[in-house]
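Residue strings, one per chain:
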Amino acid sequence: APVTVVLFALGGGRLPWFVFGALAVLLVPVFFWFLRRRPPTSSSALTGRRAAAAGATLRQAWRTPSLWMILAGATICGYTTRTFWTYVVPAGIEGGASSTQAALALSLAGLMNVPGLLASGAAVDRMSRQKWLAILFALRALAFLGMVLFLRTGQLPMLFAAAALAGFVSRATGTAFQSLLVNCYGVRSLGSLSGVETMFHQTAAAAGAIVGGLIFDATDSYTAALLVSAALLVVGIVVSLRIPERRFYAVPEAAGGST
């Protein structure tokens, strides 16, 4: 984000887009080089992979309450995530931060994605996914309340603390959602289920950016938009804790009758 501010100052709004677009194009060959799929070395390995691909179909998953509750959580997650990333800089400026300070808060949030992802991976291996998702929603709600407090007080440490907390939980929720999908429905239709979950998430994200702007136009402040997100996250906490996490498919028997 600070690099974007500098590029914007040097060449206007087009320069950052050009620079980052060129970097993306240069990285494509690197991705193709490293992300190569290797076939299994034996028929037994292939059989094992097919056995591991058990799971519910998309149609079967639609009929279960867990999927709809997961999608409800994803909707709340998408709305609140985009609200933060869209408005952290203008809200920071509204509270008295300079454009550079607001950009640094955004950078800190992005940096905190890394420990958040690592912590989430460890957490879903050690505790209930529903509880971990509820914890992440609670932490995000605290981040929004911290942003509101910053708007009230103008204290920069509060802005950076809120940004760090929001960044920590921003990508961590994805790990919880994916783990819930696998535990409930296996991997047979994981691509389709992930696509549906992402559709709900991103549609709500688009709505969050628009609705937040409309609320700002009506109130001339970001406070109400931030409080709406905090209230939605409280709903998300309740929904997360009530998701039935159980297997909704039969496990096929392996060769020899073992399971």
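As shown above, the structure is provided for reference.
As a starting point, this report considers the structure included with it. (Residues numbered from 1 in each chain as written. Predicted model: local features only at pLDDT ≥ 70, side-chain atom pairs only at ≥ 80, totals over all residues. Heavy atoms only, no water.)

1. Side note on the overall build of the protein
Stage number 1. Broken down by element type, the protein carries twelve helices and zero strands.
Stage number 2. Secondary structure elements of the protein, listed N to C terminal, follow the sequence α-α-α-α-α-α-α-α-α-α-α-α.
Stage number 3. In terms of its C-alpha atoms, the protein occupies a principal-axis envelope of roughly 70 × 45 × 30 Å.
Stage number 4. Relative to its full complement of 259 residues, the protein shows a buried share of 39%.
Stage number 5. Considering only residue pairs separated by 6 or more positions, the protein has 81% of its internal contacts joining residues 24 or more positions apart. (Helix = DSSP H or I, 4+ residues; strand = E, 2+ residues; numbered from the N terminus. Buried < 20%, exposed > 50% of the residue type's maximum accessible area, 1.4 Å probe, protein only. Contact = heavy atoms within 4.5 Å.)

2. Focus: the packing of helix H5 (residues 65-94) against helix H10 (residues 172-185)
Stage number 1. With their axes 11 Å apart at the nearest point, H5 and H10 run at an angle of 170 degrees to one another. Looking at the two axes, H5 sits roughly antiparallel to H10. Contacts between H5 and H10 involve Ser66, Leu67, Ile70, Gly73, Ala74 and Cys77 from the former and Thr173, Phe177, Leu180, Leu181, Cys184 and Tyr185 from the latter.
Stage number 2. Broken down by class, the residue content of the contact of H5 with H10 amounts to nine nonpolar, three polar and no charged. (Axes fitted to C-alpha atoms, helices over the stretch in contact; angles between N-to-C directions. Parallel < 35°, antiparallel > 145°, perpendicular 65-115°, else oblique. Nonpolar A, V, L, I, M, F, W, Y, C, P; charged D, E, K, R; others polar.)

3. Some words on a nonpolar patch on the surface
Stage number 1. On the surface, Leu27, Val30, Phe31, Trp33, Phe34 and Leu35 cluster together into a nonpolar patch covering about 700 Å² of accessible area.
Stage number 2. Among the structural elements, Leu27 can be located in helix H2 (residues 14-34).
Stage number 3. Residue Leu27 is classed as partly exposed on the basis of its relative accessible area of 41%. (Patch = residues over 30% accessible without salt bridge, like charges linked within 9 Å, V, L, I, M, F, W, Y side chains within 5 Å. Areas by Shrake-Rupley, 256 points an atom, 1.4 Å probe, with all protein chains shown as cover. Salt bridge = Lys/Arg side-chain N within 4 Å of Asp/Glu carboxyl O.)

4. Looking at helix H7 (residues 113-124)
Stage number 1. Its twelve residues place the ends of H7 16 Å apart at the C-alpha level, agreeing with the 16 Å of an ideal helix rising 1.5 Å per residue.
Stage number 2. Among the residues of H7, those classed as buried are Asn113, Gly116, Ser120, Ala123 and Val124. The buried residues of H7 all sit within an arc of 90 degrees when viewed along its axis, so they share a single face.
Stage number 3. Looking at the buried positions of H7, the neighbouring elements they touch are H5, helix H6 (99-111), helix H8 (129-153), helix H9 (156-170) and H10. (Expected span 1.5 Å × (residues − 1). Arc of directions from axis to C-beta.)

5. Brief notes about the nonpolar core
Proteins that are soluble and globular tend to have nonpolar side chains buried together.
Stage number 1. Ranked by internal contacts, the top residues of the largest apolar core, which has 55 residues, are Leu67, Phe84, Met147, Phe177, Leu181 and Tyr185.
Stage number 2. Among the elements of the structure, H5, H6, H7, H8, H9, H10, helix H11 (190-219) and helix H12 (223-241) are those that each provide at least two residues to this core.
Stage number 3. If one sorts the elements of this core by residue count, H5 sits on top with twelve residues. (Core = buried A, V, L, I, M, F, W, Y, C linked by side-chain atoms within 4.5 Å.)

6. Considerations on the packing of aromatic side chains
Stage number 1. Taken as a whole, this structure holds five aromatic pairs when the rule is applied.
Stage number 2. Taken together, a centroid distance of 5.0 Å and an interplanar angle of 40 degrees make the contact between Trp62 and Trp68 tilted.
Stage number 3. The exposure class of Trp68 is partly exposed, given its relative accessible area of 44%.
Stage number 4. Note on Phe84 and Trp85: the rings are 5.3 Å apart at their centroids and 75 degrees apart in plane angle, and the pair reads as edge-to-face. Each member of the pair, Phe84 together with Trp85, is buried. (Phe/Tyr/Trp six-rings, centres within 6.5 Å; stacked < 30°, edge-to-face > 60°.)

7. Points about the side chain of Thr83
Stage number 1. In this structure, Thr83 sits in helix H5.
Stage number 2. On the basis of relative accessible area, Thr83 is assigned to the buried category, the value being 2%.
Stage number 3. Ignoring sequence-local partners within four residues, the contact set of Thr83 consists of Phe144, Gly208, Ala225 and Ser229.

8. Regarding H10
Stage number 1. Relative to the 20 Å expected for 14 residues at 1.5 Å per residue, H10 spans 21 Å between its end C-alpha atoms, a close match to the ideal helical length.
Stage number 2. Of all the residues in H10, the buried ones are Ala172, Thr173, Ala176, Phe177, Ser179, Leu180, Leu181, Cys184 and Tyr185.
Stage number 3. The elements touched by buried residues of H10 are helix H4 (58-62), H5, H7, H8, H9 and H11.
Stage number 4. Gly186 lies just past H10 and shows a positive phi near 70 degrees.

9. Describing unusual backbone geometry
Stage number 1. With phi around 60 degrees, Asp220 is a residue other than glycine that occupies positive phi space.
Stage number 2. The residue Asp220 is located in the loop between H11 and H12 in this model.
Stage number 3. With a relative accessible area of 61%, Asp220 lands in the exposed category.

10. Notes on the pattern of salt bridges
Stage number 1. Tallied over the entire structure, the rule returns one salt bridge.
Stage number 2. Its salt-bridge partner being Arg129, residue Glu245 comes within 3.8 Å of it at the nearest N-O pair. Highlighted residues: Glu245 in the segment after H12 and Arg129 in helix H8, separated in sequence by 116 residues.

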